[in-house]
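Residues per chain, in single letters:
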Amino acid sequence: MALAEFLAELDELACEAVAAFETAGDADALEAVRIKFLGAKSGRLRAVQKGLAKVDKADKPTAGKRFNEVKKEIEEAFARIKFATAEDKLHLQEEIAVRLDPTVPGVRPRLGHLHPITQTIEELKDIMGRLGFTLAEGPEVEDQWHNFEALNIPADHPARDPLDNFYMATAEKVAGKSPSQTPPTTGRLLRSQTSTVQIRVMEQLRPPVRIISLGRVYRPDTADATHYPMFHQIEGLLVDRRVTMADLKSVLRLFASSFFEDDVHIRFRPSFFPFTEPSVEVDMSWHGGWIEMGGAGMVDPNVLRAVGYDPEEVTGLAFGLGIERICMRRHGITDIREFYKNDVRFLHQF
Ligand code: FA5
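The structure presented is a predicted model; accordingly, all values stated were derived computationally and were not measured.

### Observations regarding the overall build of the chain
When its secondary structure is counted, the chain shows 13 helices and 10 strands. The C-alpha atoms of the chain give 30 Å as radius of gyration, which overshoots the globular expectation for 350 residues (20 Å, by more than 25%). For the chain, the spread of C-alpha atoms along the three principal axes comes to 90 × 55 × 45 Å. For the chain, buried positions account for 39% of its 350 residues. Side-chain charges in the chain split into 44 positive and 53 negative, and the spacing between the mean points of these groups amounts to 4 Å.

### With respect to the pattern of salt bridges
Summed over the entire model, instances satisfying the criterion amount to 22 salt bridges. Salt-bridge contacts for R330 lead to E123; the nearest nitrogen and oxygen are separated by 2.5 Å. Remark: E123 occurs in helix α6 (residues 116–130) and R330 occurs in helix α12 (residues 323–331); sequence separation between them is 207 residues. The class for E123 is partly exposed, based on a relative accessible area of 29%. Put simply, K341 and E338 hold a salt bridge, and the shortest N to O gap is 3.4 Å. With a relative accessible area of 53%, K341 lands in the exposed category. E338 sits in the partly exposed class, given a relative accessible area of 24%. Salt bridges here are not isolated pairs; linked through shared partners, they connect D11, K65, R66 and E69.

### Quick notes on the pairing of strand β6 (residues 230–240)
The element β6 is largely enclosed, with a buried count of 10 among its 11 residues. Where β6 and strand β10 (residues 315–322) come together, eight bridges link them in antiparallel fashion. Across the sheet, residue E235 finds its bridge partner in β10, namely G320.

### What to know about the sheet that holds strand β4 (residues 189–190)
Strand order in the open sheet formed by three strands is β2-β4-β3, and the pairing between neighbours is antiparallel. The sheet is open, and its two borders are formed by β2 (141–142) and β3 (166–167), each paired with just one other strand. As paired elements, β3 and β4 share two bridges and run antiparallel to each other. Each residue of the ladder has a partner; that of Y167, found in β4, is L189.

### Let's talk about α12
For α12, a buried count of seven out of nine residues is recorded, marking the element as mostly surrounded by other parts of the structure. Among the residues making up α12, those that are buried are I323, E324, R325, I326, C327, M328 and R329. One or two steps after α12, the chain reaches G332, where phi turns positive at roughly 70 degrees.

Reading the values: the criteria
Residues numbered from 1 in each chain as written. Predicted model: local features only at pLDDT ≥ 70, side-chain atom pairs only at ≥ 80, totals over all residues. Heavy atoms only, no water. Helix = DSSP H or I, 4+ residues; strand = E, 2+ residues; numbered from the N terminus. Rg over C-alpha atoms; globule rule 2.2 N^0.38 Å. Buried < 20%, exposed > 50% of the residue type's maximum accessible area, 1.4 Å probe, protein only. Lys, Arg positive; Asp, Glu negative; His and termini not counted. Charge placed at Lys NZ, Arg CZ, Asp CG, Glu CD. Salt bridge = Lys/Arg side-chain N within 4 Å of Asp/Glu carboxyl O. Pairing = 2+ DSSP bridges.

Shown next, in the form of structure tokens:
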């Protein structure tokens, strides 16, 4: 460690400690400050002392001397306050008041800001709002009707496998008993997709419907560069007379070109989702290649029937995109895990 750095650290500590002693309100607060700075095991002074070992050998005498001076300074400040008479304390207060110079330029604290995923969510709401989509919400702890059944995912469907979902523990399990014959179709789970909100909305509203829903979803996926066990999705649903795949592509293209502000190409690959027919994977062009953003399709007539709509009267388009992936494409982030390490050096870039 460079000498200058060590000395700067000492000076900062001295200033902080003296100010903390002088402003401690009562004997208990004073003792707490003493422990914080002078505590033998984990006091701040002790921590700085450890840095002494890392100072270059030639600088050690200077560093050691200054360390001892600062230690004495802090100890004296403590004693001065601890044994001050009432009159001394009054003087001190007056002195502190005089020391405060309001003309000295302030130190601007480093401002926090919204997490990049929250920023992306806000922007997506804004763009989709301009396309006429209103906001809908649903719970993160969901029942199986909304997460599976109504989405045309029957009881024996592999998507309901306990290995692929976070089911809530049953009352028996919480009580430490072995689970009874409770059928796996009744428990609640952390929703695995925001498509649940499609059902909740259609149960409440008659067509035309034009909503988006954004939020967290959960899957026991192993974390890697593009997967995380908790992530966010944006769901879109438009149900009206004569809605077609062409509308789906237009909505996604409009959304993508507004969000990415470049000429994004959208590619549909044939796929399968139980709740849409036909179904597609949605890819967006990126660096001469493609990145998968989500799934989409035309709402399956069975789903429309499950919520009491008439598939002869209305059709619907639906899509569900991964918000982390959208944010990664926007900022060139190559590893999804960075979002959730809470490392401010990463978060401050956005
Ligand atoms: C779905 O979740 C469908 N509900 C999408 C849908 C909605 C289809 C409406 C049709 C109609 P999928 O499992 O493919 O589909 O997930 C959609 C997107 O979520 C993926 O393309 C990806 O961008 C993102 N995603 C999926 N798993 C993870 C994960 N573990 N971590 C991060 N993002 C993920």
